[in-house]
Amino acid sequence: MPYDRGMSLIRIVLPATPLAVRETLSRLFDPPDGVDLPEALHSKAQIVLAEVLNNIVEHAYATYAGDIDLCCEFDDKGLNVLITDRGLPLPLSGLPAGNDPMEDPGDDLPEGGFGWFLIRTLAEDLNYDRTEGSNRLRFRVVPDTIA
Amino acid sequence: MKLDQTLPPDLKIVHVREGRIDAACAIDFKEAMREQLEGLDRRVMLDLTQVGFIDSSGLGAVVAVRKMLGPDRVLELAGLTPAVEKVFRLTRMDSVFPIHPQLPADLRDAV
């Protein structure tokens, strides 16, 4: 996996498994070698990347194995992310709405459905396209604006 | 999934000795907690001091553990690190669980 801490552009190709997602997040975000970001942006970025990568493992590669290609460009304004996989496409309806599972939880506390809610809450400029058998998802994660 | 316990009077504290509760270990975490809670009728506090990150699968597992305790007991949480605290706050699960900023004072050094 090519990884150079000195550059603001990081590309990691990982197998679509939960353990590889964990290892990738740990390399990107855990000290001493993880990226140096302000705390609020650090948490935000890690949460979004975790949810997007886990969704690809669980849904895009639900029926066959494959790789995920992750490109992150970090700078002081945040990070730009491009993630490509060759798994199953998203439904024609496109990116999930990510409704808040706690909005109408009924009698029982929800144990799932938080992934897209977190992505929608924390990521900006989400863009998905399907080209020649590949899913491409782009988004940005920026620091919280101080009101 | 590595868990330890401390048993002050009327309380069981389960210390999660993992850096992450995530999709890779959510099922193991639930099973390990089920064993920890078997036949237990004390208060239960989950110590997350060492957990630097939790994803939505891990969050779902913590909710599932809360349900194991039945309707009359709640799962208390302690020692949330910044990313974990953020996930609980964004999903509003911080209104569902009693959250202690730290472990009980007399235990902080012992564990």
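Fair warning: this is a prediction, and the values are worked out from it, not measured in the lab. For every chain, the first residue of its written sequence is number 1, and the numbers climb from 1 along that sequence. Chains and ligands are labelled sequentially in the order written, the chains with letters from A and the ligands with numbers from 1. Whole-chain, interface and lining totals are the exception, using all residues; otherwise, since this is a predicted model, local features are given only for residues with pLDDT of at least 70 and side-chain atom pairs are given and counted only at 80 or more. The basis for every side-chain value is the complete set of non-hydrogen atoms in the structure, without hydrogens or water.

Let's shift gears to the overall build of chain A. Here a helix means four or more residues in a row that DSSP labels H or I, a strand means two or more in a row labelled E, and each is numbered from the N terminus. In terms of regular secondary structure, chain A is built from three helices and five strands. Overall, chain A shows an N-to-C arrangement of helices and strands of β-α-α-β-β-α-β-β. The atom set for the radius of gyration is the C-alpha atoms, and the globule formula is 2.2 Å times the number of residues raised to the power 0.38. At 15 Å, chain A has a C-alpha radius of gyration in line with the 15 Å of a compact globule built from 147 residues. Referenced to the eigenvectors of the C-alpha coordinate spread, the extents of chain A come out at roughly 50 × 40 × 25 Å. Burial statistics for chain A: of 147 residues in total, 45% are counted as buried. Across chain A, the fraction of contacts at a sequence separation of at least 24, relative to all contacts at a separation of at least 6, is 59%. Using a 1.4 Å probe, accessible areas were evaluated by the Shrake-Rupley method; residue-level cover was limited to the displayed protein chains. When the accessible surface of chain A is split by element, carbon and sulfur atoms take 53% of a total near 7,800 Å². In chain A, 12 side chains carry a positive charge and 25 a negative one; their mean positions are 9 Å apart. Under the scheme applied here, a residue whose accessible area is under 20% of the maximum for its type counts as buried, over 50% as exposed, and between as partly exposed, the area being computed with a 1.4 Å probe on protein chains only. The contact definition used throughout considers only heavy atoms, calling two residues in contact when any of these lie within 4.5 Å. Neither His nor the chain ends is counted toward charge; the positive residues are Lys and Arg and the negative residues Asp and Glu. Every charge is mapped onto a representative atom, which is NZ of Lys, CZ of Arg, CG of Asp or CD of Glu.

Next up on the list: the packing of helix α1 (residues 18–29) of chain A against helix α2 (residues 39–60) of chain A. Residue and element names in this part refer to chain A. At a closest axis distance of 10 Å, the pairing of α1 and α2 adopts a crossing angle of 160°. Comparing the axis directions of α1 and α2 gives the class roughly antiparallel. The chirality of how α1 crosses α2 is right-handed. Of the residues in α2, those in contact with P18, V21, L25, L28 and F29 of α1 are H42, A45, Q46, L49, A50, L53, N54 and V57. Residues are grouped as follows: Ala, Val, Leu, Ile, Met, Phe, Trp, Tyr, Cys and Pro are nonpolar; Asp, Glu, Lys and Arg are charged; every other residue, Gly included, is polar. Here the contact of α1 with α2 is composed, by residue class, of 10 nonpolar, three polar and no charged. Angles run from 0 to 180 degrees between N-to-C directions of axes, and those axes are lines fitted to C-alpha atoms, restricted for helices to the stretch in contact. Relative orientations are named as follows: roughly parallel for angles under 35 degrees, roughly antiparallel for angles over 145 degrees, roughly perpendicular for angles from 65 to 115 degrees, and oblique for any other angle. Crossing handedness follows the turn of the near helix against the far one: under a right angle anticlockwise gives a left-handed crossing, and clockwise gives a right-handed one.

Glancing now at the pairing of strand β6 (residues 75–78) of chain B. Residues and elements named next belong to chain B. Neither face of β6 is exposed, since L75 and L77 on one face and E76 and A78 on the opposite face are all buried. One requirement defines pairing of two strands: DSSP has to find at least two bridges between them. In terms of strand pairing, strand β4 (residues 43–47) meets β6 through four bridges, oriented parallel. Residue pairing across strands places V44 opposite L75, the latter belonging to β6. Inspection of the sheet shows β6 paired to strand β7 (residues 99–100) by two bridges, in the parallel sense. The residue bridging L77 from the neighbouring strand is I99, located in β7. Regarding the hand of the β-α-β motif, the stretch spanning β6, helix α3 (residues 82–90) and β7 is right-handed. A crossover counts as right-handed when, viewed with the strands pointing away from the observer, the path leading from the first strand over the helix to the second turns clockwise.

So, about the sheet that holds strand β2 (residues 67–75) of chain A. Residue and element names in this part refer to chain A. The strand order across the open sheet formed by five strands is β1-β2-β3-β5-β4, and the pairing between neighbours is antiparallel. Sheet topology places β1 (9–15) and β4 (124–131) at the edges, where each strand pairs with a single neighbour. Across this sheet, the average inter-strand angle for adjacent strands is 15°, counted without regard to direction. Inspection of the sheet shows β2 paired to strand β3 (residues 78–85) by eight bridges, in the antiparallel sense. Within β3, the position partnered with D69 by the bridge is T84. Strands β1 and β2 of the sheet are contacted by α1, whose axis makes an angle of about 160° with β1.

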